[in-house]
Structure formats: structure tokens, C-alpha cells
Amino acid sequence: MPSIESTTSSDHMTRIVTFGTFDLLHVGHVNILRRARALGTHLVVGVSSDELNFRKKGLQPAYSTEDRIGIVAALRYVDEVFVEHSLEAKRDYLIEHRADVLVMGDDWAGKFDEFNDVCRVVYLPRTEGISTTEIKSHLKAAATGPVRRRVA
Ligand code: C2G
């Protein structure tokens, strides 16, 4: 049976919610999740489904929804994950997951201000110089570029 102290302290949890595709997980993703978690005591991550990503970007992620969920859930900063099926359901997700704070990268600055009536909305600066798109084009260039030979 939980003690009065533990019941009280769970009431004081600050629940952070964030969203993303998190395809080909990289340091920019890890940075935002670490900094999001540091704003509270419980981090919930909505991971976009393959179908939602296709609707958003016209692309299939390299990793499946199931794999992206598994990778994000394995990070030490992440307490809970769920599948984000629809951008339009964001308000419902925030209410369902009892968000105190919604965190997004500043590429989304201003886009989620309408949820300020449900929770605080915070945009954190993106990590410069890395993105899933850049990783994909780097891999493509490496695969089609000249063969690198080792100098003996
Ligand atoms: N991010 C970052 N720095 C980078 C790349 C990404 O801080 N160099 C952040 C983004 O700003 C976002 C999160 O990492 O907050 C996840 O990025 P994406 O996987 O690209 O997510 P996105 O496809 O933008 O999905 O409902 C909103 C969407 O699901 C967001």
C-alpha cells in the first residue's frame, strides 16, 4: 500500500509530453528528449505512426513504427511511449496523458500555441547540423561515391 508521502509526491509529478517520428535516432533527438525530461519528472513521447509520417512528409520512415517505439522506449529519459496516429488528435493526447508541459523543437515554434489552455507549451532550440534527412543523404552519397581504399 503506498505511503501518504509517496501518494503526495506522485501528485506533484510534472508530466512532460513531446511528439516526433524519431526515425534513425540521432543526437538531436536524444538532446531534446534529455532536455524535455529535465523540465519535469515524467516524460511521455508520442511517436508518429508510419501512416502519419507518410501523410506529413510523403515518406515512409526507414524504421517501422514498432521499432521506433522500441528504440525511444529504451532511452533512460523516457518514461512512457504511445503511437501518435493523427496530428488533429493532439489536444486529446495531451489531455489523455495529463500533460503539464508540451515540448517541441523550435522548428515547430508557434504551431502548438493553441494548446496553452491545456498545458504550458515550450519550444526548445533544435540541435544544429544533424537531421534524419541529412543522415539519409550522407548514406546515399557514401553508397554511390568512389570506393575508399586503405593506404597500406
Ligand atoms: N529535433 C531537434 N534537433 C534536430 C532534429 C530534431 O531538436 N537536429 C527535434 C524536433 O524539433 C522534434 C523532435 O526532435 O521536436 C523529433 O523530430 P522528428 O522526428 O523530425 O519529428 P517530426 O517529424 O518533426 O514530428 O506532432 C508533431 C510531429 O509528430 C513532430
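Residues numbered from 1 in each chain as written. Predicted model: local features only at pLDDT ≥ 70, side-chain atom pairs only at ≥ 80, totals over all residues. Heavy atoms only, no water.

Engineer: If you had to explain the site of the ligand to someone new, which residues and values would you point to?
Structural biologist: Near the ligand you find 21 residues, and of these F22, K57, K90, D107 and I130 are the closest. Between the ligand and the protein, one listed contact pairs an oxygen atom with a side-chain N or O atom of K57 at 2.6 Å. One of the backbone N or O atoms of T127 is found 2.8 Å from a nitrogen atom in the ligand. Here the ligand has 630 Å² of accessible area as a free molecule, and 96% of this is covered by the chains. In this structure, the ligand is accommodated by the largest pocket. Take the shell around the ligand: its biggest share by element is 3 residues, from helix α2 (residues 27-37). (Near = heavy atom within 4 Å. Polar contact = N/O pair within 3.5 Å; in protein donor to acceptor, adjacent residues only side chain to side chain. Areas by Shrake-Rupley, 256 points an atom, 1.4 Å probe, with all protein chains shown as cover. 1 Å grid on protein atoms, 1.4 Å probe; cavity = no way out; pocket = protein on both sides within 12 Å on 5 of 7 lines; lining within 4 Å. Sits in = over half its atoms within 2 Å of the grid points. Helix = DSSP H or I, 4+ residues; strand = E, 2+ residues; numbered from the N terminus.)

Engineer: Report on the pattern of salt bridges, specifying residues and quantitative values.
Structural biologist: What the rule picks out here adds up to 7 salt bridges. In this structure, the salt-bridge partner of D79 is R37, at a minimum N-O distance of 2.9 Å. Of this pair, D79 sits in the loop between α4 (65-73) and β3 (80-84) while R37 is found in helix α2, placing the two residues 42 residues apart along the sequence. Salt-bridge contacts for K90 lead to E84; the nearest nitrogen and oxygen are separated by 3.0 Å. In this structure E84 comes out as buried when scored by relative accessible area, which is 1%. (Salt bridge = Lys/Arg side-chain N within 4 Å of Asp/Glu carboxyl O. Buried < 20%, exposed > 50% of the residue type's maximum accessible area, 1.4 Å probe, protein only.)

Engineer: Give a detailed account of the pairing of strand β1 (residues 15-20), specifying residues and quantitative values.
Structural biologist: For a regular strand, side-chain orientation follows a simple rule: the groups alternate between the two sheet faces. Most of β1 sits inside the fold, with 6 of its 6 residues counted as buried. Side chains of β1 alternate between two faces, with R15, V17 and F19 and I16, T18 and G20 buried alike. Between the parallel elements β1 and strand β2 (residues 42-48), the chain passes through α2 in a crossover that is right-handed. (Right-handed = clockwise from strand over helix to strand, strands pointing away.)

Engineer: How would you sum up the layout of surface pockets? Please name residues and give values.
Structural biologist: In this structure, the largest pocket encloses a volume near 670 Å³. Put simply, the parts of the chain that give the lining of the largest pocket at least two residues each are β1, α2, α3 (50-57), β4 (101-105) and α6 (132-144). The residue makeup of the lining of the largest pocket, split by class, is 11 nonpolar, 13 polar and 8 charged. (Points joined across faces, edges and corners; volume = space filled by probe spheres on them. Nonpolar A, V, L, I, M, F, W, Y, C, P; charged D, E, K, R; others polar.)

Engineer: Tell me about the nonpolar core, residues and numbers included.
Structural biologist: Core analysis: the biggest nonpolar cluster contains 16 residues, and L33, L43, V45, V78 and V103 have the highest contact counts within it. When contributions to this core are tallied by element, the ones reaching two or more residues are α2, β2, α4, β4 and β5 (120-124). In this structure, M104, F112, F115 and C119 belong to the second largest nonpolar core, which totals 14 residues. (Core = buried A, V, L, I, M, F, W, Y, C linked by side-chain atoms within 4.5 Å.)

Engineer: Break down the environment of T41 for me, citing the residues and quoting the values.
Structural biologist: For T41, the position within the fold is in the loop between α2 and β2. Along the chain, T41 and I16 lie 25 residues apart, while their C-alpha atoms are 7.6 Å from each other. Residues within four places of T41 in sequence aside, it is in contact with M13, T14 and D79. A distance of 2.7 Å separates a polar side-chain atom of T41 from the backbone nitrogen of T14. (Contact = heavy atoms within 4.5 Å.)

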